[in-house]
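In case you want the letters, here they are:
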Amino acid sequence: MKILKKILLLLLIVFVVAQFFGPEKNEGSIESIVAFYEDTKPPENVKAILTESCFDCHSSSTRYPWYSNITPVNYWMADHVKHGTKHFNVSTWENSSIKRKDHKMEELIEMVEEKEMPLQSYTWTHTEAKLSDAQIQDVLTWAKQVRAIYALAPKPE
């Protein structure tokens, strides 16, 4: 019994000390999204969907809930954001070619159609981010319109 108490005490100490360390946060400027909005011109309802369901993991400006300060949750969230921005980052949109933008919109369409985005693990704690069928249709309609515009854009030689 003494060994179990010592182990539990040691684990508690490690947990408390771990709270003083954490990953770097993704707290860039929300202004980084402006170029994406200007280029893709989402209607207001789609802007709201993107803000609630996408930008925390797919931009340089993440809104962190209170529990994001608890280790190990903060490392888990940081990993999600790292992977999200690696695959699709609206904050770097203006630096992308038309071909890349079109490809990213194609991926967005595929992930939303297959209901792979937003991630289920994200919607567990952000219930407002779960998309209804109508919201999915709104996002898909907008994204397909953006792709149609990119298809008409002049391509560099």
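Note that the structure is a prediction, hence the values are computed from the model and not measured. (Residues numbered from 1 in each chain as written. Predicted model: local features only at pLDDT ≥ 70, side-chain atom pairs only at ≥ 80, totals over all residues. Heavy atoms only, no water.)

Chemist: Tell me what's going on with the overall build of the chain, and back it up with residues and numbers.
Modeler: Along its length, the chain carries eight helices and zero strands. For the chain, the α and β elements follow one another from N to C terminus as α-α-α-α-α-α-α-α. Principal axes of the C-alpha set define a box for the chain whose edges measure 75 × 35 × 25 Å. Across the 157 residues that make up the chain, the buried fraction comes to 36%. Only carbon and sulfur atoms are counted for the fraction: they give 62% of the accessible area of the chain, which is about 10,500 Å². Side-chain charges of the chain comprise 18 positive and 21 negative groups, with the mean position of each set lying 9 Å from the other. (Helix = DSSP H or I, 4+ residues; strand = E, 2+ residues; numbered from the N terminus. Buried < 20%, exposed > 50% of the residue type's maximum accessible area, 1.4 Å probe, protein only. Areas by Shrake-Rupley, 256 points an atom, 1.4 Å probe, with all protein chains shown as cover. Lys, Arg positive; Asp, Glu negative; His and termini not counted. Charge placed at Lys NZ, Arg CZ, Asp CG, Glu CD.)

Chemist: Let's hear about the nonpolar core: which residues, and what values?
Modeler: Residues Phe36, Leu50, Phe55, Met105, Leu108 and Trp142 are the most contacted members of the largest nonpolar core, which totals 22 residues. At the level of elements, α2 (34-40), α3 (44-53), α6 (98-113) and α8 (133-152) are the ones that each hand at least two residues to this core. Per-element tally for this core: the top contributor is α8, with seven residues. (Core = buried A, V, L, I, M, F, W, Y, C linked by side-chain atoms within 4.5 Å.)

Chemist: Account for the environment of Glu27, naming residues and giving values.
Modeler: Position of Glu27 among the secondary structure elements: in the loop between α1 (2-18) and α2. Along the sequence, Glu27 and Arg63 sit 36 residues apart, while their C-alpha atoms lie 7.9 Å from each other. The contacts of Glu27, once residues within four sequence positions are left out, are Ser60 and Tyr64. (Contact = heavy atoms within 4.5 Å.)

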